[in-house]
Number of protein chains: 4
Amino acid sequence: MTTVSERAELARTFIQSLVKGTAVPDRVTFDHTALGGLTVTEVAEGRVVCEMPVTDKVCNRYGTLHGGAAATLVDVVTTAALLTASPHSGVSVTLSATYVAAMPGGPGEVVVVDARVTRVGRHLANLSAELRRKATGQVVVTGTHTKFLQAYVPIRNVRFGK
Amino acid sequence: MTTVSERAELARTFIQSLVKGTAVPDRVTFDHTALGGLTVTEVAEGRVVCEMPVTDKVCNRYGTLHGGAAATLVDVVTTAALLTASPHSGVSVTLSATYVAAMPGGPGEVVVVDARVTRVGRHLANLSAELRRKATGQVVVTGTHTKFLQAYVPIRNVRFGK
Amino acid sequence: MTTVSERAELARTFIQSLVKGTAVPDRVTFDHTALGGLTVTEVAEGRVVCEMPVTDKVCNRYGTLHGGAAATLVDVVTTAALLTASPHSGVSVTLSATYVAAMPGGPGEVVVVDARVTRVGRHLANLSAELRRKATGQVVVTGTHTKFLQAYVPIRNVRFGK
Amino acid sequence: MTTVSERAELARTFIQSLVKGTAVPDRVTFDHTALGGLTVTEVAEGRVVCEMPVTDKVCNRYGTLHGGAAATLVDVVTTAALLTASPHSGVSVTLSATYVAAMPGGPGEVVVVDARVTRVGRHLANLSAELRRKATGQVVVTGTHTKFLQAYVPIRNVRFGK
């Protein structure tokens, strides 16, 4: 995995296979449980943008995007962004979310997740994400994610099934 | 909702109905999607302790508790703790998680979520949680959660179905 | 305080008088203690940019910008940014800093603090800041700051001495 | 530095020499600038407790402990706690503070800083602190601090002057 376009392809496959539930053999993961309908809309070096319909299944009891679902989106999409800039996907050290506004759920409501790499060092990666309401562009959540890059868990060892 | 035991009961019902998917009429929420098997084991004023089996559905591709699932547990169980100390369940302002160690998934693996109220003020509530591996007692995640207490969204307006 | 230029002027005066130690009568504050040489270089609605020389007095034992000084810069300059967008300066609810790279200290070394308002709501303000090394433009710290807007502590009640 | 009592002594010396301004030859650091009067009151393995008078010099314009000073206390005292459990003092990765209540300044007002090690791993250390008002015991700030343990910057290379 060396060229930019290969890394971009890896980031796309990463999200797709996790959401489809084929990332690891013979079992689904929380990504599949939690993030139905998440799709990649843009990939560049150090950046991945995704969209997800805000269905009941990811909302809270007020009918807006659940704080835990938003945190999960920060986690997963920033990790995809990291893959465009690093051979290692890392393990989470800290994750934080700031809830700026409520993201309404319901038919036609879509959340845009715009994730970026601030820096990849030798041992640590600093990532951030902004969640926006697609209909209006309003920022609804901002998040940060710090990962530790374990040299011995390269992403190429994770199989992406069909 | 005035006595301590009534509030404790409310916190129990809150978790149960969210996880069962009956908290709001005619739709499930992300709590039901994400947190299968979460149960309350202890309630006191300002504190709720829960347990959840760490099945594949809440794990990441490494087979350990997913960072997004852990963040969701911090969110939900601290909110239950808040209900033991406040008539308002609030809306999230910030949430953060520190991943201290990997929580293994698999048969028999259970995560303990120990949530506490640091302070309930007039407008804001400060909450924290510690996630531990039940088998060993090891701390795996620490989290903080700050909520804004909207006087106009009291918890009694949220229906808890059977 | 209603026009944009009046608010920009207020943000400038806010920083200057705090750093000079004249913000409140007859006593200095931690801003004066900690942030010698901090000056405003740019003000727009929802944004304040400052610069500060990285002298020994704000460095750690490794000779780079101290984590506590960086956190103080996030706190103070985001508050100035808030003043360009709100009649209330608020009180801090949460503050976080991510240390992306070491900011060298020494003669000629200057840190740029670029603070922005993400959103001002009725009760809460969400702010962020990026600290960069002036010589290279490299991001060294990113920070977030959430404030509660107390209607009863308007900024106009704080005197700014000459 | 191998025995517990040697490490406790190191933590005491660390705080004292930083605050006195003798930690590094021929220059003071931000610790000396910011934290006048900080003293160690208790040391155990994985824990350091300090006290500091809340003078004007560490207060904000409202006359209460400045958010930046509180963040600096979290940074410094958790680092001292780390020294009781690790040969490396680490570099900061993330630091966060939650402002639970205002800590009044003025004659006789003292803040207690109670810092603990949650876990020291091979590469990362997770630390936390609670700031309390000495007069009442009320929690005023909670903080977390994550450090990366650079094997090549052991604390024994930092000189502590007299």
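For clarity, every value in this text was computed on a predicted model and none was experimentally measured. (Residues numbered from 1 in each chain as written. Chains lettered and ligands numbered in written order. Predicted model: local features only at pLDDT ≥ 70, side-chain atom pairs only at ≥ 80, totals over all residues. Heavy atoms only, no water.)

1. Points about the overall build of chain A
Helices and strands together make up the secondary structure of chain A, namely three helices and six strands. For chain A, the succession of helices and strands along the chain, N to C, is α-α-β-β-α-β-β-β-β. The principal-axis extents of the C-alpha atoms in chain A amount to approximately 45 × 35 × 25 Å. Counting every position in chain A, which comprises 162 residues, the buried fraction comes to 62%. Surface summary for chain A: the accessible area is close to 6,100 Å², and the carbon and sulfur share equals 50%. Placing the 17 positive and 12 negative side-chain charges of chain A at their respective mean positions leaves the two points 4 Å apart. (Helix = DSSP H or I, 4+ residues; strand = E, 2+ residues; numbered from the N terminus. Buried < 20%, exposed > 50% of the residue type's maximum accessible area, 1.4 Å probe, protein only. Areas by Shrake-Rupley, 256 points an atom, 1.4 Å probe, with all protein chains shown as cover. Lys, Arg positive; Asp, Glu negative; His and termini not counted. Charge placed at Lys NZ, Arg CZ, Asp CG, Glu CD.)

2. Re helix H3 (residues 67–83) of chain C
Across its 17 residues, H3 of chain C extends 25 Å between first and last C-alpha, which sits within 8% of the 24 Å expected from 1.5 Å per residue. Of all 17 residues in H3 of chain C, 17 are buried, a share of seventy percent or more. (Expected span 1.5 Å × (residues − 1).)

3. Looking at the pairing of strand S1 (residues 39–44) of chain D
Residues and elements named next belong to chain D. Where S1 meets strand S2 (residues 47–53), five bridges bridge the pair, whose relative direction is antiparallel. Bridge pairing in S2 links Val 43 to Val 48. Hairpin geometry of S1 and S2 is characterised by an intervening segment of two residues between the two adjacent antiparallel strands and by a positive phi of about 80° at Gly 46. (Pairing = 2+ DSSP bridges.)

4. Observations regarding the relation of the copies chain B and chain A
Taken as rigid bodies, chain B and chain A are interconverted by a rotation of 180° and an axial shift of 0.0 Å, the fit giving an RMSD of 0.0 Å. These values place the two chain copies in the arrangement generated by a two-fold rotation axis. The position closest to the rotation axis in chain B is occupied by the C-alpha of Ser 96 of chain B, lying 2.0 Å away. Both copies present the same face, since 100% of the interface residues in chain B are matched by interface residues at the equivalent positions in chain A. (Least-squares fit on C-alpha atoms with pLDDT ≥ 70 in both. Contact = heavy atoms within 4.5 Å.)

5. Focus: the relation of the copies chain B and chain C
Overlay of chain B on chain C (RMSD 0.0 Å): rotation 180°, translation along the axis 0.0 Å. The residues that chain B uses at the interface reappear at the interface of chain C in 100% of cases, marking a shared surface.

6. Side note on the pattern of salt bridges
Where charged atoms from two side chains of opposite charge come close, those side chains can pair. Residues and elements named next belong to chain A. This model, assessed by the stated rule, comprises 32 salt bridges over all chains. In this structure, Arg 7 and Glu 45 form a salt bridge, with 3.7 Å as the shortest nitrogen-oxygen distance. Of this pair, Arg 7 sits in helix H1 (residues 4–20) while Glu 45 sits in the loop between strand S1 (39–44) and strand S2 (47–53); the two residues are 38 residues apart in sequence, bridging distant segments of the chain. On the basis of relative accessible area, Arg 7 is assigned to the buried category, the value being 17%. A residue is classified by how much of its surface remains accessible, and Glu 45, at 52% relative accessible area, is exposed. Counted as one network, the salt bridges with shared partners bring together Glu 42, Arg 47, Asp 114, Arg 116, Glu 130 and Arg 132. (Salt bridge = Lys/Arg side-chain N within 4 Å of Asp/Glu carboxyl O.)

7. With respect to the side chain of Thr 33 of chain B
In this structure, Thr 33 of chain B sits in helix H2 (residues 30–34). At a separation of 2.8 Å, a polar atom in the side chain of Thr 33 of chain B contacts the main-chain carbonyl oxygen of Lys 57 of chain A. In contact with Thr 33 of chain B, not counting residues within four places along its chain, are Thr 33 and Lys 57 of chain A. (Polar contact = N/O pair within 3.5 Å; in protein donor to acceptor, adjacent residues only side chain to side chain.)

8. What to know about the packing of aromatic side chains
In this description, a pair of aromatic rings is defined by centroid distance and the angle of the planes. What the rule picks out here adds up to four aromatic pairs over all chains. Seen from their ring centres, Phe 30 of chain A and Phe 30 of chain B are 6.4 Å apart, and the 65° between their planes marks the pair as edge-to-face. With Phe 30 of chain A in helix H2 (residues 30–34) and Phe 30 of chain B in helix H2, the pair connects residues from two separate chains. For Phe 30 of chain A, a relative accessible area of 0% corresponds to the buried category. Their ring planes at 40° and their centres at 6.3 Å tell us that Phe 148 of chain A and Phe 148 of chain D sit as a pair that is tilted. One end of the pair, Phe 148 of chain A, is in strand S6 (residues 139–148); the other, Phe 148 of chain D, is in strand S6 (residues 139–148), on a second chain. (Phe/Tyr/Trp six-rings, centres within 6.5 Å; stacked < 30°, edge-to-face > 60°.)

9. A short note on the UniProt feature "domain: Thioesterase" (unreviewed entry) in chain A
As recorded in UniProt, the sites labelled "domain: Thioesterase" (unreviewed entry) are residues 62–138 of chain A. Annotated as 22% helix and 39% strand, the span residues 62–138 of chain A places its first and last C-alpha atoms 19 Å apart. (UniProt positions renumbered as here; feature names shortened; annotations may be inferred.)

10. Digging into the interface of chain B and chain C
Taken together, the eight residues of chain B in the interface contact eight residues of chain C. Both faces considered, chain B and chain C share a buried interface measuring about 650 Å² in area, 77% of it formed by carbon and sulfur atoms. On inspection of chain B and its partner chain C, the count reaches zero salt bridges. Our count for the contact surface shared by chain B and chain C stands at zero residue pairs in polar contact (both at pLDDT 80 or more). Looking at the side of chain B that touches chain C, the elements with two or more residues in it are strand S3 (91–99) and strand S6 (139–148) of chain B. (Buried area = accessible area lost by both parts, 1.4 Å probe.)

11. Side note on the sheet that holds strand S5 (residues 124–133) of chain C
The strand order S1(C)-S2(C)-S4(C)-S5(C)-S6(C)-S3(C)-S3(D)-S6(D)-S5(D)-S4(D)-S2(D)-S1(D) describes an open sheet built from twelve strands, whose pairing is antiparallel. Bordering the open sheet on either side are strand S1 (39–44) of chain C together with S1 of chain D, each of which pairs with just one other strand. Strand after strand, the sheet turns through a mean of 15° between neighbouring axes, direction not considered. Where strand S4 (residues 110–120) of chain C and S5 of chain C come together, nine bridges link them in antiparallel fashion. Looking across to S5 of chain C, one finds that Asp 114 of chain C is bridged to Glu 130 of chain C. Running over the sheet, helix H1 (residues 4–20) of chain D touches S1 and S2 of chain D and is turned about 160° from S1 of chain D. Lying on the sheet, helix H3 (residues 67–83) of chain D is in contact with S2, strand S3 (91–99), strand S4 (110–120), strand S5 (124–133) and S6 of chain D; it crosses S4 of chain D at an angle near 50°. (Axes fitted to C-alpha atoms, helices over the stretch in contact; angles between N-to-C directions.)

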